[in-house]
Amino acid sequence: MTVADTRIEVAVEKRLGETRVAASFVAERGVTALFGPSGIGKTSILDMVAGLSRPDAGRIAVDGEIWFDAATGADLPPEARRVGYVFQDRRLFPHLDVRANLLFGRHRADAAAFDRVVALLGLERLLDRWPRRLSGGEAQRVAIGRALLSEPKLLLLDEPLSHLDRPRAAEILDLVARLRDELALPILYVTHEPAEIERLAARRIDL
């Protein structure tokens, strides 16, 4: 599962209570890490890129297509942005098994793409399980699979190792490295751990 190389340009700012959240960067193929302490606004930047939160000022463009521009009023809705977002809490549907959770994210009826993602993430033996029967690492892999099946132009990972024990965290970090190497897909990766950035050889944006 590959897509053409994508260039993301982000220059945004937003006031959240007493906090001013701001970032300006360019992301391309590979991992771009948004780094900083908790509460600095890393997740808010992802939400703005995804269209879930509207910046007060700035511009977001992907391959020259304007997703947001405060100067012109342009604001593409989230469903038109083709972003694969993996939230901290994974947000799997508890009433759907793993197969149905994955299919919910599918952008189009493409059985081959489904099989490729299942194989890439090692989900074959989990397809008939319910989310409550998954370990933290398994649930995270399913959430990543659902995001990939939406055929995104970019992947947003919001602290994907949070709430995982050390072995499961190492497993997911290895998986992100594989996605970096095998997919021509930009990944915006939120973390407050320098070791994760070093492992991924990521470009680092300090917030």
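Our structure is the block above this text.
Residues numbered from 1 in each chain as written. Predicted model: local features only at pLDDT ≥ 70, side-chain atom pairs only at ≥ 80, totals over all residues. Heavy atoms only, no water.

Asks: Is there a simple way to explain the overall build of the protein chain in this structure?
Replies: The secondary structure content of the protein chain amounts to six helices and 10 strands. Since a compact globule built from 207 residues should have a radius of gyration of about 17 Å, the 17 Å found for the protein chain is in line with a globular shape. By principal-axis analysis of the C-alpha atoms, the protein chain measures approximately 50 × 35 × 30 Å. Counting every position in the protein chain, which comprises 207 residues, the buried fraction comes to 51%. In the protein chain, the proportion of contacts linking residues at least 24 apart, taken out of those at least 6 apart, comes to 70%. (Helix = DSSP H or I, 4+ residues; strand = E, 2+ residues; numbered from the N terminus. Rg over C-alpha atoms; globule rule 2.2 N^0.38 Å. Buried < 20%, exposed > 50% of the residue type's maximum accessible area, 1.4 Å probe, protein only. Contact = heavy atoms within 4.5 Å.)

Asks: How should I be thinking about the pairing of strand β2 (residues 19-27) in this particular structure?
Replies: The side chains of a regular strand alternate between the sheet's two faces. Where strand β1 (residues 8-16) meets β2, nine bridges bridge the pair, whose relative direction is antiparallel. Paired with Glu-13 across the two strands is Ala-22, which belongs to β2. Hairpin remark: β1 followed by β2, antiparallel, with two residues in the connecting loop; positive phi at Gly-17, about 65°. (Pairing = 2+ DSSP bridges.)

Asks: Explanation requested: the pairing of strand β7 (residues 83-86) in the structure shown.
Replies: By the alternation rule, side chains of β7 split into Val-83 and Tyr-85 and Gly-84 and Val-86, which are all buried. Note: β7 against strand β8 (residues 154-158), four bridges, orientation parallel. Each bridged residue has a counterpart across the sheet, and for Val-86 the counterpart in β8 is Leu-157.

Asks: Would you mind showing me how to read helix α1 (residues 42-50) here?
Replies: Every α-helical turn comprises 3.6 residues, leaving residues that sit three or four positions apart pointing alike. Burial analysis of α1 places seven of its nine residues in the buried class, the great majority of the element. The set of residues buried in α1 consists of Lys-42, Ser-44, Ile-45, Leu-46, Met-48, Val-49 and Ala-50. Just past α1, the residue Gly-51 takes up positive phi, approximately 90°.

Asks: So what exactly am I meant to see when it comes to the nonpolar core here?
Replies: Grouped burial of nonpolar side chains is what soluble globular proteins tend to show. Grouped together as the largest cluster of nonpolar side chains are 41 residues, with contacts concentrated most on Leu-102, Leu-121, Leu-148, Leu-155, Leu-179 and Tyr-189. At the level of secondary structure, the elements contributing two or more residues to this core comprise β3 (30-35), α2 (98-104), α3 (111-121), α4 (136-148), β8, α5 (166-182), β9 (186-191) and α6 (194-200). The element that contributes the greatest number of residues to this core is α5, accounting for seven residues. By size, the runner-up hydrophobic cluster in this structure holds 25 residues, among which are Ala-27, Ile-45, Val-62 and Phe-68. (Core = buried A, V, L, I, M, F, W, Y, C linked by side-chain atoms within 4.5 Å.)

Asks: Looking at this model, I keep getting lost on the sheet that holds strand β6 (residues 74-75). Mind explaining?
Replies: To summarise the sheet geometry, strands pair through backbone hydrogen bonds and adopt either a parallel or an antiparallel arrangement. Within the open sheet, the five strands sit side by side as β2-β1-β4-β5-β6. Their pairing is antiparallel. Either end of the sheet is taken by a strand with one partner, and the two such strands are β2 and β6. Pairing analysis gives two bridges linking strand β5 (residues 65-69) to β6, with the strands arranged antiparallel. Bridged to Asp-69 within β6 is Ala-74. Where α1 meets the sheet, its contacts fall on β1, β2, β4 (57-62) and β5, and the angle it forms with β2 comes to roughly 60°. (Axes fitted to C-alpha atoms, helices over the stretch in contact; angles between N-to-C directions.)

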